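# Coordinate analysis (summary)
Next come the chains, spelled out residue by residue.
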Amino acid sequence: MKFKVADLRAAYAFLKRIAFHNDRRLPSAKSVEFVAKPLKAHGYHGMHEGRHCIWVDTTDTKSLDMLLRIMAHEMIHAALGHNTVPNKYAHEADFQEAARAIEIEMGWPKGGV
């Protein structure tokens with residue numbers, strides 16, 4: 001299955017409402033730039049021209065479940081304000097705690113985000 005930008009936006013909007021309980025730290029789906037293309041990693045979050053941007057790999061993202069997990073991962077970074085945090089610090093206790101809460105909410109196993 002090859003996901004498109006509209007699919008990424010829909011996944012973000014769904015997760016924001018259901019798993020993140022409309023967390024005010026997250027911008028609306030309309031305010032985020034989404035990029036669906038082949039990448040070296042499953043996904044990235046960052047800023048592009050002053051907007052939140054989430055990139056999702058289109059080569060290895062093979063299921064809706066995988067897309068939702070990748071999107072949730074990048075949304076946690078956005079909610080925690082990890083726009084400029086070096087990767088080696090981006091997955092410490094605050095990230096792990098938020099990820100576990102989303103995993104429980106979604107019924108995913110520990111480490112699934």
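Our subject in this report is the structure included herewith. (Residues numbered from 1 in each chain as written. Predicted model: local features only at pLDDT ≥ 70, side-chain atom pairs only at ≥ 80, totals over all residues. Heavy atoms only, no water.)

### Here's the deal with the overall build of the protein
As a reminder, the rule being used: Under the DSSP-based scheme used, a helix requires at least four consecutive residues in state H or I and a strand at least two consecutive residues in state E, with every element numbered from the N terminus. Each radius of gyration reported is based on C-alpha atoms, and the globular scaling rule is 2.2 Å times the count of residues to the power 0.38. Only protein chains enter the accessibility calculation, which uses a 1.4 Å probe; a residue whose area is less than 20% of its type maximum is buried, one above 50% is exposed, and one in between is partly exposed. By the convention used here, residues are in contact when the closest approach between their heavy atoms is within 4.5 Å. Note that accessible areas follow from Shrake-Rupley with a 1.4 Å probe, and for residues the cover is restricted to the protein chains shown. Counted as positive: Lys and Arg. Counted as negative: Asp and Glu, with His and the chain ends omitted from the count. Note on charges: their place is set at NZ of Lys, CZ of Arg, CG of Asp or CD of Glu.
Looking only at helices and strands, one finds 3 helices and 3 strands in the protein. Helices and strands appear in the protein in the N-to-C order α-β-β-β-α-α. Here the C-alpha radius of gyration of the protein, 13 Å, is about what a compact globule of 113 residues would show, namely 13 Å. Along the first, second and third principal axes, the C-alpha set of the protein runs to 30 × 30 × 25 Å. Scored against the burial criterion, the 113 residues of the protein give a buried share of 42%. Expressed as a percentage of contacts within the protein between residues at least 6 apart in sequence, the contacts between residues at least 24 apart total 45%. Element-wise, carbon and sulfur atoms account for 54% of the exposed surface of the protein, whose accessible area totals about 6,600 Å². Seen as two clouds, the 16 positive and the 13 negative side-chain charges of the protein have centres 4 Å apart.

### Looking at the pattern of salt bridges
Selection rule: Basic side-chain nitrogens of Lys or Arg form a salt bridge, by our definition, when they fall within 4 Å of a carboxyl oxygen of Asp or Glu.
In this structure the tally under the stated criterion is 3 salt bridges. Between E103 and R100 there is a salt bridge whose closest N-O contact spans 3.1 Å. Placement of both E103 and R100 in helix α3 (residues 93–106) is noted, with a separation of 3 residues, approximately one turn of the helix. Judged by relative accessible area, which is 3%, E103 ranks as buried.

### Description of the packing of helix α2 (residues 64–79) against α3
What counts is decided by this rule: Working convention: axes come from line fits to C-alpha atoms, limited for helices to the stretch in contact. Angles between N-to-C directions cover 0 to 180 degrees. Note on terminology: angles under 35 degrees are roughly parallel, angles over 145 are roughly antiparallel, angles of 65 to 115 are roughly perpendicular, and the others are oblique. Crossing chirality is assigned from the near helix's rotation relative to the far helix, an anticlockwise turn below a right angle marking it left-handed and a clockwise turn marking it right-handed. Residues are sorted three ways: Asp, Glu, Lys and Arg are charged, Ala, Val, Leu, Ile, Met, Phe, Trp, Tyr, Cys and Pro are nonpolar, and all the rest, Gly among them, are polar.
Running from amino to carboxyl end, α2 crosses α3 at an angle of 135°, the nearest separation of the two axes being 10 Å. It follows from the interaxial angle that α2 and α3 lie oblique. In the crossing of α2 with α3, the sense of the turn from one axis to the other is right-handed. Contacts between α2 and α3 involve A72, H73, I76 and H77 from the former and F95, A98, A99 and I102 from the latter. Among the residues making up the contact of α2 with α3, the classes are represented as 6 nonpolar, 2 polar and no charged.

### Digging into the nonpolar core
To be explicit about the condition: We define a nonpolar core as any set of buried Ala, Val, Leu, Ile, Met, Phe, Trp, Tyr and Cys residues linked to one another through side-chain atoms lying within 4.5 Å.
Judged by nonpolar contacts, the single largest core of 27 residues is most densely connected at Y12, L15, F20, I54, M71, M75 and I102. Secondary structure elements with two or more residues in this core: α1 (5–18), β3 (51–57), α2 and α3. Among the elements that take part in this core, α2 stands out by supplying 9 residues, more than any other. Discounting residues that sit within four places of it in the chain, I102 has contacts with A19, F20, A72, I76, W108 and V113.

### Topic: the environment of A93
With respect to the helices, strands and loops of the structure, A93 is situated in helix α3. A93 sits in the exposed class, given a relative accessible area of 58%. Between the alpha carbons of A93 and N83 there is a distance of 17 Å; along the sequence they are 10 residues apart.

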